[in-house]
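Chain by chain, the residues:
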Amino acid sequence: MIDKCVIASDLGSGGCKTMIIDASGRMVAVAQQEYATAYPHPGWAEQNPDDWYTAFCSTVRAVLHSSGISPKCVIGVGIVGVTHNTVLLDAQDRPLCPSILIFDNRSVQQVRAIFDVWGDQVRERTLNDLTPVWSWPQLLWIRDNTPDVWNQTRRILFQKDYVRNRLAPAFVTDTIDAGGSLLFDPIRNQWIAEFCAHLQIDPAGLPPAVRPLDLVSEVSRSGAEDTGLLAGTPVIAGTTDTVAEVLGSGALRSGDACVKLASVGRIAIVHDSPVKRPHILNYRHVFDQLWYPGTASKFAASAFRWLRDLLWQDKPKNAYALMDSTAQHIPAGSDGLLFHPHLMGEWAPHWNERLRGDFIGLTMRHTRAHLTRAVLEGVAFGLKDALGELERLGMSAANIRLIGQGATSPLWAQIVADVFNRPLSIPRQADAAYGAALITAMGVGMLPSSVEALEDIIDGGKRVEPDRAAAQDYADLFAIYRDADTALRPISERLHEFETRTGKRETK
């Protein structure tokens with residue numbers, strides 16, 4: 001019988017996943033709910049913040065119901081979410097506009113405007129490069145293009161903080177999520193006054209930054225009514241989904257690495273210091289004195305979801321399982337069909353928001369199953385390309401853990417191992433929701449806050465070895481993949497310009 005547990009949620013790019021773990025770190029119940037992304041103009045991607053809260057409340061109620069656990073046994077709640085996603089609030093703490101997502105490219109001009117003023121100082125102060133991914137240029141776009149929204153803004157929160165604030169009011173964020181704004185100094189752990197002044201915001205309108213494990217509030221009466229939790233249940237600050245995934249996968253010591261097959265393809269290598277090189281993303285680890293520098297490809301499982309919505313609408317209940325099953329019978333290399341997953345630009349190693357996705361090599365013999373396997377392989381090639389950028393800088397990915405919803409597919413995991421030509425481990429529980437639950441458990445004292453304790457709890461899972469023949473085929477195909485990327489870059493940029501021009505004409 002469970003008399004003590006925690007509930008934690010991951011607000012991902014495509015949906016919310018909520019989990020209960022007990023005092024041994026064992027998962028007791030889990031529930032998921034998707035929410036919609038809107039693409040109102042070319043290069044735009046946004047979500048309604050209230051959809052996050054609705055999905056959070058629904059999944060909390062679902063895990064309480066399915067587990068049969070009394071809310072009295074829940075001793076803590078935690079939430080993690082995608083970094084960079086801001087919510088602009090009015091005087092009544094109501095969202096004023098949709099939240100701009102990390103996939104969104106609309107702030108390219110604002111990136112240039114910021115760089116013209118601050119140049120390399122941005123990387124020096126924040127340890128990260130200036131791109132449309134970050135909150136600063138996104139907020140500048142809102143200021144420049146929607147002054148009515150900007151003038152009504154009284155406070156700004158990040159994704160998980162907005163949901164947590166509705167559950168348990170506390171105007172705070174954590175030091176890791178704050179770093180995703182590019183307005184925060186991760187060494188001094190403070191907002192950068194000069195950057196805030198350039199944006200014309202008062203740092204008082206930004207949330208104070210605390211440690212991810214800190215207790216910051218209690219479930220309010222309205223939060224209890226929405227979720228089924230008890231009013232007064234302690235709530236921790238929480239943090240970003242990526243650091244939760246890193247921790248939950250067992251990447252706890254310098255040199256440990258993880259590759260995420262989630263909406264975004266994220267590669268992180270735990271290190272004892274940030275890596276101050278261009279194109280390397282630097283964030284703090286939950287454990288003091290550790291960082292997880294890394295890089296990312298822009299589309300991973302989101303590309304597979306896109307294909308599902310495009311070609312498998314007739315199989316809504318079991319689409320993913322059926323896609324895997326049919327792709328399993330297609331040979332490695334998809335009979336010469338290649339897919340580039342640059343569906344709205346690409347991050348590592350290209351850092352080019354004008355790149356476009358494509359299938360090349362189509363013939364009459366190719367079927368829906370071929371396109372499905374080609375997407376799985378194309379994402380793996382994109383991850384290999386991104387990993388190559390890290391390793392060219394002298395970093396080495398050791399003890400690679402494959403995490404994210406894509407890692408639950410035996411086919412996709414084998415494809416990644418074959419493309420990388422390296423063994424991978426797949427932890428039994430390695431997603432952001434599990435990491436969030438561990439962080440919550442440490443924050444409320446249900447689990448000790450130590451590397452050694454977590455190593456005893458986290459299940460290393462199964463090991464996937466590369467197949468030699470497939471690895472050789474993929475090595476040959478990867479060379480073609482990269483050559484095609486280079487050759488098609490100018491075509492992508494011309495198509496981007498064409499879409500931008502004609503798209504503006506259509507909206508007049």
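Every chain begins its residue count from 1, and numbering advances along the sequence as written. At least 70 in pLDDT is required for a residue's local features to be given in this predicted model, at least 80 for side-chain atom pairs to be given and counted, and no such filter applies to totals for whole chains, interfaces and linings, which use all residues. Hydrogens are left out, water is left out, and the side-chain values use all remaining heavy atoms of the structure.

Chemist: How do you make sense of the overall build of the chain when you look at a structure like this?
Modeler: Per the secondary structure count, the chain includes 17 helices and 23 strands. A radius of gyration in this sense is built from C-alpha atoms; the matching globule rule multiplies 2.2 Å by the number of residues raised to 0.38. Scaling as 2.2 N^0.38, a compact globule of 508 residues should have a C-alpha radius of gyration of about 23 Å, and the chain matches this with 22 Å. Considered along the principal axes of its C-alpha atoms, the chain spans approximately 60 × 55 × 45 Å. With 508 residues in all, the chain has 59% of them scored as buried. The contacts of the chain with a sequence gap of at least 6 include a subset with a gap of at least 24, amounting to 73%. Note that accessible areas follow from Shrake-Rupley with a 1.4 Å probe, and for residues the cover is restricted to the protein chains shown. Accessible area of the chain: about 20,200 Å², with a carbon and sulfur share of 50%. Here Asp and Glu are counted as negative and Lys and Arg as positive; His is not counted, and neither are the chain ends. Lysine's charge is taken at NZ, arginine's at CZ, aspartate's at CG and glutamate's at CD. Charge-centre separation for the chain: the mean point of 50 positive side chains lies 2 Å from the mean point of 58 negative side chains. Note on conventions: DSSP H or I runs of at least 4 residues are helices, E runs of at least 2 residues are strands, and numbering of each starts at the N terminus. Accessible area is worked out with a 1.4 Å probe on protein chains only. A residue is then buried under 20% of its type maximum, exposed over 50%, and partly exposed in between. Throughout, a residue-residue contact means that at least one pair of heavy atoms, one from each residue, lies within 4.5 Å.

Chemist: Just to check I follow, could you spell out the packing of helix H13 (residues 368–392) against helix H14 (residues 410–420) for this structure?
Modeler: Helix-helix packing: each pair is described by the crossing angle between the helix axes and the interaxial distance. Here H13 crosses H14 at 45°, and the two axes come no closer than 9 Å. Between H13 and H14, the crossing angle belongs to the class labelled oblique. Seen from above, H13 lies across H14 with right-handed handedness. Listed contacts from H14 to Arg-373, Leu-376, Glu-377, Val-379, Ala-380, Phe-381, Leu-383, Lys-384 and Leu-387 of H13 are Leu-411, Trp-412, Ile-415, Val-416, Val-419 and Phe-420. In this classification, the charged set is Asp, Glu, Lys and Arg, the nonpolar set is Ala, Val, Leu, Ile, Met, Phe, Trp, Tyr, Cys and Pro, and all remaining amino acids, among them Gly, are polar. Of the residues in the contact of H13 with H14, the class split is 12 nonpolar, no polar and 3 charged. The convention used is that axes are lines fitted to C-alpha atoms, helices contributing only their stretch in contact, and that angles between N-to-C directions extend from 0 to 180 degrees. Reported orientations rely on four angle classes, namely roughly parallel under 35 degrees, roughly antiparallel over 145, roughly perpendicular from 65 to 115, and oblique for the rest. If you view the pair so one helix is near and one far, a crossing is left-handed when the near helix is turned anticlockwise from the far one by less than a right angle, and right-handed when it is turned clockwise.

Chemist: Is there a simple way to explain the nonpolar core in this structure?
Modeler: As a rule of thumb, nonpolar side chains are buried together in soluble globular proteins. Core analysis: the biggest nonpolar cluster contains 131 residues, and Ile-21, Trp-136, Leu-247 and Leu-402 have the highest contact counts within it. Of all the elements, H13 adds the most residues to this core, at 11 residues. Beyond its immediate stretch of four places on either side in the chain, Leu-247 contacts Leu-252, His-285, Val-286, Phe-287, Gly-435, Leu-438, Ile-439, Met-442, Leu-454 and Ile-458. In these notes, a set of buried Ala, Val, Leu, Ile, Met, Phe, Trp, Tyr and Cys residues joined through side-chain atoms within 4.5 Å is what counts as a nonpolar core. Formed by 33 residues, the second largest nonpolar core is a distinct cluster that contains Cys-57, Cys-73, Leu-157 and Ala-224.

Chemist: Help me understand the packing of helix H11 (residues 301–311) against helix H12 (residues 319–328) in this model?
Modeler: One way to put it is that H11 packs onto H12 with a least axis distance of 11 Å and a crossing angle of 100°. It follows from the interaxial angle that H11 and H12 lie roughly perpendicular. Across the interface between the two elements, Phe-304, Arg-305, Leu-307 and Arg-308 of H11 pack against Ala-319, Tyr-320, Met-323 and Asp-324 of H12. Residues belonging to the contact of H11 with H12 are distributed by class as follows: 5 nonpolar, no polar and 3 charged.

Chemist: Whenever I open this one, the pattern of salt bridges confuses me. Can you help?
Modeler: When the charged atoms of two side chains with opposite charge come close together, those side chains can pair. When a carboxyl oxygen of Asp or Glu is within 4 Å of a side-chain nitrogen of Lys or Arg, the pair counts as a salt bridge. If you walk through the whole model with that rule in mind, you get 35 salt bridges. Linking Arg-365 and Asp-335 is a salt bridge whose minimum nitrogen-to-oxygen distance equals 3.7 Å. Of this pair, Arg-365 sits in the loop between strand E20 (358–360) and H13 while Asp-335 sits in the loop between H12 and strand E19 (338–340), and the two are 30 residues apart along the sequence. Since its relative accessible area comes to 27%, Asp-335 is described here as partly exposed.

Chemist: What am I meant to see in the pairing of strand E16 (residues 256–261) here?
Modeler: Every regular strand shows the same layout, with side chains that alternate between the two sheet faces. In terms of residue burial, E16 counts as a mostly covered element, since 6 of its 6 residues are buried. The side-chain alternation of E16 yields two buried faces, one formed by Asp-256, Cys-258 and Lys-260 and the other by Ala-257, Val-259 and Leu-261. By definition, two strands form a pair when at least two bridges between them are found by DSSP. Where E16 lies against strand E21 (residues 398–403), 5 bridges are found, and the strand directions are parallel. Across the sheet, residue Cys-258 finds its bridge partner in E21, namely Arg-401. As defined by bridge partners, E16 adjoins strand E17 (residues 265–269) across 5 bridges and the pair is classed as antiparallel. Along E17, the bridge assignment pairs Leu-261 with Gly-265. Linking two consecutive strands that pair antiparallel, namely E16 and E17, is a turn of 3 residues.

Chemist: Explanation requested: the pairing of E17 in the structure shown.
Modeler: Of all 5 residues making up E17, 5 are buried, and the element is well covered by its neighbours. Here E17 pairs with strand E18 (residues 294–297) via 4 bridges, running antiparallel. The residue bridging Ala-268 from the neighbouring strand is Gly-294, located in E18.

Chemist: Please explain the packing of aromatic side chains as it appears in this structure.
Modeler: Two aromatic rings, taken as a pair, are described by how far apart their centres are and by the angle between their planes. Aromatic pairing here means that ring centres of Phe, Tyr or Trp (its six-membered ring) are within 6.5 Å. Orientation follows from the plane angle: under 30 degrees is stacked, over 60 is edge-to-face, and everything else is tilted. Evaluated as defined, the whole model comprises 17 aromatic pairs. When the ring of Trp-134 is compared with that of Tyr-283, the centres are 6.2 Å apart and the planes differ by 25°; the resulting orientation is stacked. Residue Trp-134 is located in the loop between helix H3 (121–126) and helix H4 (135–145), and its partner Tyr-283 is located in the loop between E17 and E18; the two are separated by 149 residues in the primary sequence. This pair shows no difference in class: Trp-134 is buried, exactly as Tyr-283 is. One aromatic cluster is present, formed by Phe-381, Tyr-474, Phe-478 and Tyr-481 through successive ring pairs. As a reminder, the over-ring test applies to NZ of lysine and CZ of arginine, requiring each to be within 6 Å of the ring centre and within 35 degrees of the ring normal. Here the basic side chain of Arg-155 rests over the ring of Phe-171, its NZ or CZ set 4.0 Å away from the ring centre. Directly above the ring of Trp-312 sits Arg-368, whose terminal nitrogen or CZ lies 3.7 Å from the centroid.

Chemist: How should I be thinking about unusual backbone geometry in this particular structure?
Modeler: Only a minority of non-glycine residues have a phi that is not negative, and only a minority of peptide bonds are not trans. Omega for the peptide link from Ala-348 to Pro-349 comes to -10°, which places this bond in the cis form. Structurally, Pro-349 is set in the loop between E19 and E20. Although it is not a glycine, Gln-200 sits at a positive phi angle of roughly 65°. You can see Gln-200 is positioned in the loop between helix H8 (193–199) and strand E12 (209–210). Here Gln-289, not a glycine, exhibits a phi torsion of approximately 75°, which is positive.

Chemist: Honestly, helix H2 (residues 108–118) in this entry has me stumped. Any pointers?
Modeler: Helical geometry note: an α-helix holds 3.6 residues per turn, so side chains three or four residues apart project in the same direction. Residues of H2 that are buried include every one of Gln-110, Val-111, Ile-114 and Trp-118, and no others. End-on, the buried residues of H2 take up no more than an arc of 105°, which puts them together on one face. In H2, the exposed positions that point more than 90 degrees away from the buried face belong to Gln-109 and Asp-116. Among the residues trailing H2, Gly-119 stands out with phi positive, at a value near 50°. By construction, the arc corresponds to the directions joining the helix axis to the C-beta atoms.

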